[in-house]
Amino acid sequence: MKKQLMSKQMTKTELIKLDPDFDLSLIKPAAAALRSGELVAFPTETVYGLGANAFCETAVKRVFEVKGRPQDNPLIVHLSKFEHLSEISINIPQIAYDLLEVFAPGPLTLILPKSDLVPEIVSAGLSTVAIRFPDNSVARALIELSGVPIVAPSANLSGRPSPTQAWHVYQDLAGKIPYILDGGTCAYGLESTIIDLSVADPVILRPGFITAYDIKKSTGIKITEFQAEQSGIEPDFQPKAPGQKYRHYSPRATVIILRENPDLAARLNNLLNGIEKFIQNKISANNLKKDNPQEISVGLFLAEELSKGLDLDYFKNSLHRSTCYNVRFKLESYNNQRGAADAAHDLFNRFREFDQLQADLIICSAEQMSGAGIAYMNRLKKAASYEI
Ligand code: TXA
Ligand code: MG
């Protein structure tokens, strides 16, 4: 009895490093484990997934337990071959095939009517099911070798940033699952675009790298763009993608968004004032004496145009004068000359890095609401407390 308890609590986690031209034999044990009802974390082109055999209810249940995920948040079924689609979904509309032809395999998830073969727990009791064909050689080989459809939420603890590198998964799930397949850094770094095709007017429920604009341009199909979330979500609010009602992607530090402003000097000034205000609030909230020297650690994730104009010594001196705090900065920047793809690619990784450094505050620059910027701002807003 005692032994059983022990083994349930602690599992030895094997991290399997895979090169781009990896040998299939390296993932065979993980594929066999997956098929037989164990959980395996694996890379996809978006983020790492925590995989389980979709037909095995106990395995799917374990996914919810391991992540600490609310039971009313359904999972995406991952497939490697189009012919398996009809096992998972029924009454598939033509538009699904039209979209898959262009965008699959790739970072796209479709909501379709569910087949009875899919256990209720997968779709949290909904009559629809989410399906996706990932485009990552490890993911595809793993699904293929396991011979079953694979449910895979992002491989993080519920509420934490989605993992984009194997060490992120290890941080959250070591000791809980037998295998993590390490395929390096995920190509996109943010989760797939989710499109609801179970309604008369298809709509994007979660923005990703594939946008309504891309779809219109390459297929002529009109999909309603993601509607930015309402603020102040009620606890009994029933969103179409149930995952949307939960707080997401949160690092431990407070996250603040630095608003756009064509005037760079004004934007940098906002940044300085925002940090000063944060420190002053901290002082008054904790009843701290101003003359008691304290330290604070701030992570900055900024567009290159901003970071180039930033004088950190000036910031440190100025903040020390106004608050008596010594501020430690960690500055990371991204290139946004061709849109927000770089920002989106690095966001979750930077959250985790800043957490490792025990940052108290993280400030990220806002991006324009087009292309990857829509998804970047969606994830950033879910993690952030306020804007400056
Ligand atoms: O890129 C991705 O999609 C990653 C990789 C691993 O494939 N997966 C992922 O899964 O992001 P997860 O579980 O973290 O997010 C799935 C989202 C949740 O917000 C969930 O509510 C929504 O999909 N979803 C799943 N089934 C649904 C359904 N039948 N109707 C509406 N939304 C659904
Ligand atoms: Mg997730």
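Our subject is the structure that appears above.
Owing to the predicted nature of the structure, the values given are computational and were not obtained by experimental measurement.

As for the sheet that holds strand β11 (residues 254-258)
- If you walk across this open sheet you meet the five strands as β13-β12-β14-β11-β15, and the pairing is parallel. Looking at which strands have only one partner, the edges of the open sheet turn out to be β13 (325-334) and β15 (386-387).
- Sheet analysis places β11 next to strand β14 (residues 361-365), joined by five bridges and oriented parallel. From the neighbouring strand, isoleucine 257 faces β14, where its bridge partner is cysteine 364.
- Along the sheet, helix α9 (residues 264-285) contacts β11, β12 (294-303), β13, β14 and β15; its crossing angle with β12, the most-contacted strand, is approximately 150 degrees.
- Contacts from helix α13 (residues 372-383) reach β11, β12, β13, β14 and β15, with the element oriented near 135 degrees to β11.

Details of the nonpolar core
- One finds Val77, Leu99, Leu110, Ile131 and Ile195 to be the most contacted residues of the largest nonpolar core, which totals 49 residues.
- Where this core is concerned, the elements lending two or more residues are β3 (49-53), α3 (57-67), α4 (85-88), α5 (94-103), β5 (108-113), β6 (128-132), α7 (166-173) and α8 (212-219).
- For this core, the leading source of residues is α3, giving five residues.
- In this view, isoleucine 131 contacts Ile76, Val77, Leu85, Ile88, Leu108, Thr109, Leu110 and Leu112; residues no more than four positions away in its chain are not counted.
- Counting residues in hydrophobic clusters, the runner-up holds 26 residues, among them Leu190, Ile257, Ala344 and Ala372.

Concerning the sheet that holds β6
- Ordered by their spatial adjacency, 10 strands build an open sheet running β1-β8-β2-β3-β7-β4-β6-β5-β9-β10, and the pairing between neighbours is mixed. Two strands in the sheet have a free side with no partner beyond their single neighbour: β1 (14-17) and β10 (203-206).
- Relative to β10, strand β9 (residues 193-196) runs antiparallel, the two sharing three bridges. Counterpart to isoleucine 195 in the pairing with β10 is isoleucine 204.
- Contacts from α7 reach β1, β2 (40-42), β3 and β8 (179-182), with the element oriented near 165 degrees to β8.

Some points on helix α11 (residues 312-323)
- Taking 1.5 Å per residue as the helical rise, α11 with its 12 residues ought to reach 16 Å, and the 16 Å between its terminal C-alpha atoms agrees with that figure.
- Taken together, the buried positions of α11 are occupied by Phe315, Ser318, Leu319, Ser322 and Thr323. Taken down its axis, α11 places every buried residue within 105 degrees of arc, on the same side. Structural note: α11 exposes Asp313 and Arg321 on the side pointing more than 90 degrees away from its buried face.
- Close packing links the buried residues of α11 with α9 and β13.
- Its side-chain oxygen placed 3.2 Å from the backbone nitrogen of aspartate 313, aspartate 311 serves as the N-cap of α11.

What counts, and at which threshold
Residues numbered from 1 in each chain as written. Chains lettered and ligands numbered in written order. Predicted model: local features only at pLDDT ≥ 70, side-chain atom pairs only at ≥ 80, totals over all residues. Heavy atoms only, no water. Pairing = 2+ DSSP bridges. Helix = DSSP H or I, 4+ residues; strand = E, 2+ residues; numbered from the N terminus. Contact = heavy atoms within 4.5 Å. Axes fitted to C-alpha atoms, helices over the stretch in contact; angles between N-to-C directions. Core = buried A, V, L, I, M, F, W, Y, C linked by side-chain atoms within 4.5 Å. Buried < 20%, exposed > 50% of the residue type's maximum accessible area, 1.4 Å probe, protein only. Expected span 1.5 Å × (residues − 1). Arc of directions from axis to C-beta. Polar contact = N/O pair within 3.5 Å; in protein donor to acceptor, adjacent residues only side chain to side chain.

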